[in-house]
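Structural overview
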Amino acid sequence: MSLKKLFGAAALLLTPALAFAHPGHGDNGLVAGISHPLGGIDHLLAMVAVGLWAAQQKGAARWALPCTFVGTMLIGGVLGFEGLGLPALESGIAASVLALGLAVALAVRPPLFVAVAATAVFALFHGVAHGLELPDMSSPWAYAAGFVGATAALHAAGYALVRWLPAAAAPLVRVAGAASAATGVWLLAG
């Protein structure tokens, strides 16, 4: 291949990159929605903890906790899209990391209505935070689809981890819950 053809090929391959010379391309709704729960340690830990905790439960709680979280988070996201904030939003999110981590560490099995109510409160804080951080010029519904999908995947990952590990690994799951709770304490202090 001649040098002229090599430079021509390189120029053609690099031309699409020129279209990304100004900001805003990575902020489309779906991608931003997916990345939000994955990009913050507070969201990531809380959402995995919901899956871990659900897998530690029996009966209806196994599906009710993740479904409650996702549904209530979506409601919170819509409220956030409308500009509604919650008092102590970041503290509420940090408290969710602490409480959900403790629930996993202690493998608590409260009555279903208590577990669902606590999960819903935590999800509301996360949802409002997601909604308030809707990127400019993004479709709210594509963004919501992204954060709902990412959240469901994190719940499923936590759930699958507990269900597929041998019973002898249960102490490791509890240690992960304790680490999450410790992170929640750190987030509350910071």
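Small disclaimer: the values here were computed from a predicted structure and weren't measured.

**A short note on the packing of helix H5 (residues 89-106) against helix H8 (residues 170-189)**
- In the contact formed by H5 and H8, the axes pass within 7 Å of each other and the chain directions differ by 160 degrees. It follows from the interaxial angle that H5 and H8 lie roughly antiparallel. For H5 against H8, the interelement crossing comes out left-handed. The segment H5 lies against H8, with Ser91, Ala94, Ala95, Val97, Leu98, Gly101, Leu102, Val104, Ala105 and Leu106 engaging Val173, Arg174, Gly177, Ala178, Ser180, Ala181, Thr183, Gly184, Val185, Leu187 and Leu188.
- Split by residue class, the contact of H5 with H8 holds 14 nonpolar, 6 polar and 1 charged.

**Notes on the side chain of Thr119**
- Relative to the helices and strands, Thr119 resides in helix H6 (residues 112-132).
- At 2.7 Å, the side chain of Thr119 forms a polar contact with the backbone oxygen of Ala115.

**Points about the packing of aromatic side chains**
- For the structure on display, the rule yields 3 aromatic pairs.
- Ring plane angle 85 degrees and centroid distance 6.2 Å describe the contact between Phe81 and Trp141, whose orientation is recorded as edge-to-face. With Phe81 in helix H4 (residues 61-81) and Trp141 in helix H7 (residues 140-164), the pair connects residues that are 60 residues apart, well separated along the chain.
- For the ring pair Phe81 and Tyr143, a centre distance of 6.2 Å and an interplane angle of 50 degrees mean the geometry is tilted.

**With respect to the UniProt feature "transmembrane region" (unreviewed entry) in the protein chain**
- Here the UniProt feature "transmembrane region" (unreviewed entry) sits at residues 37-56, 63-81, 87-105, 112-129, 141-162 and 169-189.
- Between the first and last C-alpha atoms of residues 87-105 the distance is 28 Å; the span itself is 89% helix and 0% strand.
- For residues 141-162, helix accounts for 100% and strand for 0%, while the C-alpha atoms at its two ends are 32 Å apart.

**Some remarks on the environment of Phe122**
- On the secondary structure map, Phe122 appears in helix H6.
- Sequence-wise, Phe122 and Ala99 are 23 residues apart; in three dimensions their C-alpha atoms are separated by 9.2 Å.

**Considering H6**
- For H6, with 21 residues, the first-to-last C-alpha span of 30 Å sits near the 30 Å given by 1.5 Å per residue.
- Taken together, the buried positions of H6 are occupied by Ala115, Thr119, Ala120, Phe122, Ala123, Phe125, His126, Gly127, Val128, Ala129, His130 and Gly131.
- Residues of H6 that are buried in the fold lie against helix H2 (29-39), helix H3 (41-56), H4, H5 and H7.

**Here we look at the layout of surface pockets**
- Approximately 160 Å³ is the volume found for the largest pocket.
- Forming the boundary of the largest pocket are Gln56, Ala107, Val162, Leu165, Pro166, Ala167, Ala169, Ala170, Val173 and Arg174.
- Considering every element that reaches the lining of the largest pocket, the biggest residue donor is H8, with 3 residues.

The rules behind the values
- All residue numbers here refer to positions counted from 1 along the written sequence of the relevant chain.
- This being a predicted model, a pLDDT of at least 70 is required before a residue's local features are given, and a value of 80 or more before pairs of side-chain atoms are given or counted; all residues contribute to the totals for chains, interfaces and linings.
- Water and hydrogen atoms play no part in the side-chain values, which are based on all heavy atoms of the structure.
- Inter-axis angles, ranging from 0 to 180 degrees, are taken between N-to-C directions of lines fitted to C-alpha atoms, where helices are fitted over the stretch in contact.
- Counting from the N terminus, the helices are the DSSP runs of H or I reaching at least four residues and the strands are the DSSP runs of E reaching at least two.
- Roughly parallel here means an angle under 35 degrees, roughly antiparallel means over 145, roughly perpendicular means 65 to 115, and every remaining angle is called oblique.
- By definition, any crossing whose near helix is turned counterclockwise from its far helix by less than a right angle is left-handed, and any crossing with a clockwise turn is right-handed.
- It only takes one pair of heavy atoms within 4.5 Å for two residues to be counted as in contact.
- Residue classes follow a fixed rule: Ala, Val, Leu, Ile, Met, Phe, Trp, Tyr, Cys and Pro count as nonpolar, while Asp, Glu, Lys and Arg count as charged, and any other residue, Gly among them, counts as polar.
- N or O atoms closer than or at 3.5 Å make up a polar contact, with two conditions inside protein: a donor-capable atom paired with an acceptor-capable one, and, for residues adjacent in sequence, both atoms drawn from side chains.
- Geometry of aromatic contacts follows a simple scheme: Phe, Tyr and Trp rings, the Trp one being its six-membered ring, pair when their centres are within 6.5 Å, and the pair is stacked under 30 degrees between planes, edge-to-face over 60, tilted otherwise.
- UniProt positions are given in the numbering used here, feature names are shortened, and annotations may be inferred rather than shown by experiment.
- Residue count minus one, scaled by 1.5 Å, sets the expected span of a helix.
- The cut-offs for exposure are 20% and 50% of the maximum accessible area for each residue type, with area from a 1.4 Å probe on protein chains only; residues under the lower value are buried, those over the upper are exposed, and the others partly exposed.
- Space inside and on the surface of the protein is sampled on a 1 Å grid over the protein atoms alone, with a cavity defined as a set of points where a 1.4 Å probe fits but cannot get out and a pocket as an open set with protein on both sides within 12 Å along at least 5 of 7 lines; lining residues have an atom within 4 Å of a point.
- Grid points are joined across faces, edges and corners, and a volume is the space filled by probe spheres set on the points.

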